[in-house]
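So the chains spell out like this:
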Amino acid sequence: MRKILFALGTIYSALCILLIFGLPRNRYEWMLDDPALRADSITFCTLPLDDGEGSSEVISFVFLIPFLVAAIALSVRQRKIHLSVWAGLALVAIWMLRFYVFSPSCPGRETF
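Here's a quick rundown of the structure. (Residues numbered from 1 in each chain as written. Predicted model: local features only at pLDDT ≥ 70, side-chain atom pairs only at ≥ 80, totals over all residues. Heavy atoms only, no water.)

**Regarding a nonpolar patch on the surface**
A contiguous nonpolar surface patch, about 600 Å² in accessible area, is contributed by F6, I81, L83, W86 and L89. With three residues, the single largest contributor to the nonpolar patch is helix α3 (residues 83-101). Along the polypeptide, L83 turns up in helix α3. When its relative accessible area of 58% is taken as the criterion, L83 is described as exposed. (Patch = residues over 30% accessible without salt bridge, like charges linked within 9 Å, V, L, I, M, F, W, Y side chains within 5 Å. Areas by Shrake-Rupley, 256 points an atom, 1.4 Å probe, with all protein chains shown as cover. Salt bridge = Lys/Arg side-chain N within 4 Å of Asp/Glu carboxyl O. Helix = DSSP H or I, 4+ residues; strand = E, 2+ residues; numbered from the N terminus. Buried < 20%, exposed > 50% of the residue type's maximum accessible area, 1.4 Å probe, protein only.)

In structure tokens:
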């Protein structure tokens, strides 16, 4: 049973990492890779404003919540910190790095 839970946790955390890095910060981010727009010298800060601000942040964090709840439940059940709690904290750290620490700063723009 432990091996199955470990495999499921590993697969789910890999899915969470794929979601964190797969979802764009701005829904117009595809324009940065468009060959027709490269001549315009588009940067992340010159992209159109995304009116669905934070939607990819929220979606990716919502997928982290079941993992964190299961990790806490396993820790309470075993009465010690379970390995999945550390994995969950690492996922939250990766999420924060992706959406807050390494997000580009655009001076003069309130949202991006």
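Structure shown, so let's carry the discussion forward.
**Focus: helix α2 (residues 55-78)**
With 24 residues, α2 ought to run about 34 Å at 1.5 Å a step, and its terminal C-alpha atoms sit 35 Å apart, in line with that. Buried within α2 are the following residues: S56, E57, S60, L64, F67, A71 and S75. Directly after α2, the chain includes R79, whose backbone phi takes a positive value near 60 degrees. (Expected span 1.5 Å × (residues − 1).)

**Topic: the environment of W95**
Residue placement: W95 occurs in helix α3. Note: C-alpha distance between W95 and F21 (74 residues apart in sequence) is 8.6 Å.

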